[in-house]
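Letter by letter, the chains look like this.
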Amino acid sequence: MSSEFDLIKRNFNRPHTAAVLGIGDDAALVQPSAGMELAISADMLVANTHFFPETDAWLIGWKSLAVNISDMAAMGAQPRWATLALALPQADENWLEKFADGFFACADQFNVALIGGDTTRGPLTISIQIMGEVPPHTSLLRSNAQAGDDIWVSGRLGDAALALAAIQGRYPLPEADIAQCSLALHQPQPRVALGLALRGLAHSALDISDGLLADLGHILERSGTGAEIWLKHIPTSKIVSAHSSSEQVQSMILSGGDDYELCFTAPPHHHDRIANITQELGLNAAVIGTITHRQQLVVRGWNDQSMTLKEHGFDHFA
């Protein structure tokens, strides 16, 4: 049986030049680029809450880092370093090898260095702290939305929530459609390039993790504003669109979560420039509504009438 330190050395200790001192000491040492501010975020993923423990370990490894990188994208920050803490029910070396492969596939794609962490025995839990860099006064904050701003969403919403509902038996879906929608659930794609490009253009931004309405609500609360959005303008995939007459699927689009797309606000005069940026990046993006002075969130359905909503998104303690 390998020791804790053997497991770390075998699966997670890789040579890199992104840190002054990486894994192997009591603390890592990093040197931020001159004149840059440090952006720091942390996320915890717990088995049976954020992922199914039977999910392929490669995908769990990818997603655990990707959702953290998504926070950097939402801040307009360049992700640089991460730490990883793992609680494991047992030292399953095959699982760890696959998890590490998925984690580093994501890390390599977004140039993130793993610089430290910890392991312990316990219920399967993954905790990651990520650090990035952003020039002073250019961070995309939740608190800067202004009345009259366009509300944008990148990508397509609802696939992850629809896949989860189908896997859990809450919504019937053909196996091929489940497999397609599951790509969004298990392997989200952080919108780092878009976040960087939105510096100086967007007034506010965040990533959609708990559901569009819940997360947009954070922008409205921090900015002291309201919003009016149209369900028909929210971008969705062909599969989700085919089921969008269902109130259950409409709720998934609006509140399902696990999208990890960017929701951001920007003045209308930047519309064409943002549209060109998203096109150059090969991303779908759409304006779904407007920031308003009235401090309430109005959602208009297919008939343009205000919708009565039972829930706004995921709450860990609800």
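The shown structure was predicted, so the numbers you read here are calculated from the model rather than taken from an experiment. Every chain's residues receive numbers from 1 upward, in the order its sequence appears when written. Note on the predicted model: pLDDT of at least 70 is required for a residue's local features to be given, and 80 or more for side-chain atom pairs to be given and counted; whole-chain, interface and lining totals, by contrast, use all residues. Hydrogens and water are ignored here; the side-chain numbers use all heavy atoms of the structure.

Caption draft 1: Broad picture of the UniProt feature "binding site: substrate" (unreviewed entry) in the protein chain. UniProt positions are given in the numbering used here, feature names are shortened, and annotations may be inferred rather than shown by experiment. UniProt annotation of "binding site: substrate" (unreviewed entry) refers to His50, Asp258 and Phe314 when read in the numbering used here. Strands here are runs of E lasting at least two residues and helices are runs of H or I lasting at least four, both read from the DSSP assignment and numbered beginning at the N terminus. Note on placement: His50 falls in the loop between strand 1 (37-46) and helix 2 (57-75). Residue exposure (1.4 Å probe, protein chains only): buried if accessible area is under 20% of the type maximum, exposed if over 50%, otherwise partly exposed. Judged by its relative accessible area of 24%, His50 falls in the partly exposed class. Among the polar contacts made by the side chain of His50, one reaches the main-chain amide nitrogen of Val46 at a distance of 2.9 Å. Mapped onto the elements of the fold, Asp258 is located in the loop between helix 9 (247-255) and strand 8 (262-266). What qualifies as a polar contact is a pair of N or O atoms within 3.5 Å, subject to a donor-acceptor requirement within protein and to the restriction that residues adjacent in sequence count only when both atoms come from side chains. Within the structure, the side chain of Asp258 is placed 3.3 Å from the side chain of Lys63, a separation counted as a polar contact.

Caption draft 2: Region of the structure containing the pattern of salt bridges. Take a side-chain nitrogen of Lys or Arg and a carboxyl oxygen of Asp or Glu: if they are within 4 Å of each other, that pair is a salt bridge. Summed over all chains, the structure comprises five salt bridges. A salt bridge links Arg300 to Glu228; its shortest N-O distance comes to 2.4 Å. Of the two residues, Arg300 is situated in strand 10 (residues 297-300) and Glu228 in strand 7 (residues 226-230); the sequence distance between them amounts to 72 residues. A relative accessible area of 22% places Arg300 in the partly exposed class.

Caption draft 3: Inspection of the sheet that holds strand 9 (residues 285-292) at higher detail. Across the sheet, which stays open at both edges, the six strands sit in the order 6-8-5-9-7-10 with mixed pairing between neighbours. A single partner strand is all that each edge strand has here, and the edge strands are strand 6 (204-207) and strand 10. On average, each strand axis in the sheet is tilted by 20 degrees relative to the strand beside it, whichever way the strands run. Taken together, the four bridges between strand 7 and strand 9 define a ladder with antiparallel strand orientation. Bridge pairing in strand 9 links Ala227 to Ile291. Following DSSP output, two strands are said to pair if at least two bridges run between them. The axes used here are C-alpha line fits, helices contributing only the stretch in contact, and every angle between their N-to-C directions lies in the interval 0 to 180 degrees.

Caption draft 4: Structural view of helix 3 (residues 93-109). Expected span of a helix: the number of residues minus one, times 1.5 Å. A rise of 1.5 Å per residue sets the reference length of helix 3, with its 17 residues, at 24 Å; its end C-alpha atoms lie 24 Å apart and thus fit the reference within 8%. What helix 3 keeps buried is the set Trp95, Leu96, Phe99, Ala100, Gly102, Phe103, Phe104, Cys106 and Ala107. In the segment just after helix 3, Asn111 is the residue with positive phi, at about 55 degrees.

Caption draft 5: Up close: the side chain of Ser154. In this structure, Ser154 sits in strand 5 (residues 150-154). Side-chain polar atoms of Ser154 contact the side chain of Glu261, separated by 2.6 Å. In contact with Ser154, other than residues within four places in its own chain, are Arg191, Leu194, Glu261, Leu262, Asn284 and Ala285. Contacts between residues were defined by any pair of non-hydrogen atoms, one from each residue, lying within 4.5 Å.

Caption draft 6: Here's a closer look at the pairing of strand 2 (residues 78-88). A large share of strand 2 lies buried, amounting to eight of its 11 residues. In this sheet, strand 4 (residues 125-134) lies alongside strand 2 in antiparallel orientation, the contact comprising nine bridges. Residue pairing for strand 4: Ala87 is matched across the bridge by Thr125. The definition of a right-handed crossover adopted here requires that, viewed with the strands pointing away, the path from the first strand over the helix to the second runs clockwise. In this fold, strand 2 hands off to helix 3, which returns the chain to strand 3 (residues 113-121); that crossover is right-handed.

Caption draft 7: Seen up close, the packing of aromatic side chains. Think of it this way: a Phe, Tyr or Trp ring, Trp meaning its six-membered ring, pairs with another when their centres are within 6.5 Å, and the plane angle makes it stacked under 30 degrees, edge-to-face over 60, tilted otherwise. The tally for this structure, following the rule as stated, stands at five aromatic pairs. For the ring pair Trp95 and Phe99, a centre distance of 5.1 Å and an interplane angle of 15 degrees mean the geometry is stacked. Of this pair, Trp95 and Phe99 both sit in helix 3, four residues apart, which is roughly one turn of that helix. Across the pair, exposure class does not vary: Trp95 and Phe99 are buried alike. On the basis of an interplanar angle of 85 degrees and a centroid distance of 5.5 Å, the ring pair of Phe103 and Phe104 is categorised as edge-to-face. Aromatic ring contacts, followed pair by pair, group Trp95, Phe99, Phe103 and Phe104 into a single cluster.

Caption draft 8: Representation of the environment of Arg294 in the model. Considering the arrangement of structural elements, one finds Arg294 in the loop between strand 9 and strand 10. Using a relative accessible area of 57% as the deciding quantity, one classes Arg294 as exposed. When near neighbours in sequence (up to four residues on either side) are disregarded, Arg294 contacts Thr225, Gly226 and Ala227.

Caption draft 9: Region of the structure containing the packing of helix 4 (residues 159-167) against helix 5 (residues 175-186). Taken N-terminus to C-terminus, the directions of helix 4 and helix 5 make an angle of 115 degrees; their axes are 7 Å apart at the nearest point. Pair helix 4 / helix 5 crosses with left-handed handedness. Only Ile178, Cys181, Ser182, Ala184, Leu185 and His186 of helix 5 make contact with helix 4, whose side of the interface consists of Asp159, Ala160, Leu162, Ala163, Leu164, Ala166 and Ile167. Looking at the contact of helix 4 with helix 5 residue by residue, the classes come out as 10 nonpolar, two polar and one charged. It is the rotation of the near helix from the far one that decides the hand of a crossing: anticlockwise by less than a right angle makes it left-handed, clockwise makes it right-handed. All residues other than Ala, Val, Leu, Ile, Met, Phe, Trp, Tyr, Cys, Pro, Asp, Glu, Lys and Arg, Gly among them, are scored as polar; the first ten of these are nonpolar and the last four charged.

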